[in-house]
Amino acid sequence: MAAVERVRNRSGVNEDHYVQAKLAIEAGEYESCRRHVVAHLASNPSDVKGHNLLGEVYEKENQLEKAVESLRRSWELKNSQKSVVLKLANIYLKMPERMPLAETWINRAAKLAPNDAAVKRLQEQLLTARASKADLEQLVGLLNRQLSENPEDMSLHIRYVQVMAQIGRLSEAFRYCLELD
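Remember, it's a predicted structure, so these values are computed and weren't measured experimentally. (Residues numbered from 1 in each chain as written. Predicted model: local features only at pLDDT ≥ 70, side-chain atom pairs only at ≥ 80, totals over all residues. Heavy atoms only, no water.)

Caption draft 1: Representation of helix α9 (residues 133-149) in the model. Counted at 1.5 Å a residue, the expected span for α9 with its 17 residues is 24 Å, and the 25 Å between its end C-alpha atoms agrees. Contact partners of the buried residues in α9: α8 (117-130), α10 (154-166) and α11 (170-180). (Helix = DSSP H or I, 4+ residues; strand = E, 2+ residues; numbered from the N terminus. Expected span 1.5 Å × (residues − 1). Contact = heavy atoms within 4.5 Å.)

Caption draft 2: Representation of the layout of surface pockets in the model. Put simply, the largest pocket is a space of about 340 Å³. Along the wall of the largest pocket there are 14 residues; nearest its centre are A117, R121, E124, Q146 and L156. Contributing elements (two or more residues each) for the lining of the largest pocket: α8, α9 and α10. No other element matches the seven residues that α8 contributes to the lining of the largest pocket. (1 Å grid on protein atoms, 1.4 Å probe; cavity = no way out; pocket = protein on both sides within 12 Å on 5 of 7 lines; lining within 4 Å. Points joined across faces, edges and corners; volume = space filled by probe spheres on them.)

Caption draft 3: The confidence of the model for the protein, seen in detail. Of all residues in the protein, 90% attain a pLDDT of 70 or more, and the chain-wide mean is 86. Here helix α1 (residues 2-6) stands out as the least confident element of the protein, with mean pLDDT 36; helix α5 (residues 64-77) is the most confident, with 97. Taken as a whole, residues 1-12 scores under 50 in pLDDT and shows nine contacts with residues more than four places along the chain or in a different chain. (pLDDT = per-residue confidence, 0-100.)

Caption draft 4: Fine view of the packing of aromatic side chains. On inspection of all chains with the given rule, the structure shows two aromatic pairs. Measuring from centroid to centroid gives 4.9 Å for W75 and W105, while their planes differ by 80 degrees, and the two rings are edge-to-face. Taken together, the residues W75 in helix α5 and W105 in helix α7 (residues 99-112) connect sequence positions 30 residues apart. Ring plane angle 50 degrees and centroid distance 4.6 Å describe the contact between Y160 and Y176, whose orientation is recorded as tilted. Placement of the pair is Y160 in helix α10 and Y176 in helix α11, with a sequence separation of 16 residues. This pair shows no difference in class: Y160 is buried, exactly as Y176 is. Above the plane of the ring of Y18 lies K49, whose end atom (NZ or CZ) is 4.9 Å from the centre. Cation over ring: R108 sits above W105, and NZ or CZ is 4.3 Å from the ring centre. (Phe/Tyr/Trp six-rings, centres within 6.5 Å; stacked < 30°, edge-to-face > 60°. Buried < 20%, exposed > 50% of the residue type's maximum accessible area, 1.4 Å probe, protein only. Lys NZ or Arg CZ within 6 Å of the ring centre and 35° of its normal.)

This is the structure we're talking about:
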């Protein structure tokens, strides 16, 4: 009984299942985690962190549709969660048939955190995933803007040269490398 009392939150709700779920996911016991989170959500259906944890376990089990469902429910309950928006964008990028939704969530992330490095990486991944020449040209523009903001970031220079080579602008990529030296 004392252990249960220790896991009551400020509102007096028993958090025992949530705590057990957190312990289970840390131990890699995803089925146990899922059972505890579902039990927790049965008595706390509006708990944002419960839906986030359920989304996380579904993603670890590669059940991406269910992960999206749980994370979207969390976002619907509290739509200012940048981490959930980024996670949804990441998951949608793993689902080629859902690429338009990836773009939607990346745009939401850009509105929440316009200068966030994770958002910029997602934008790059989206343009690369589409892989059309027009999108790669757009990626060159994005990388140019990022380079003007952060000219010391060597990984951006490398990515810029790689994309230039990928779209067939080899002599331009070569000249760019020479200018960096």
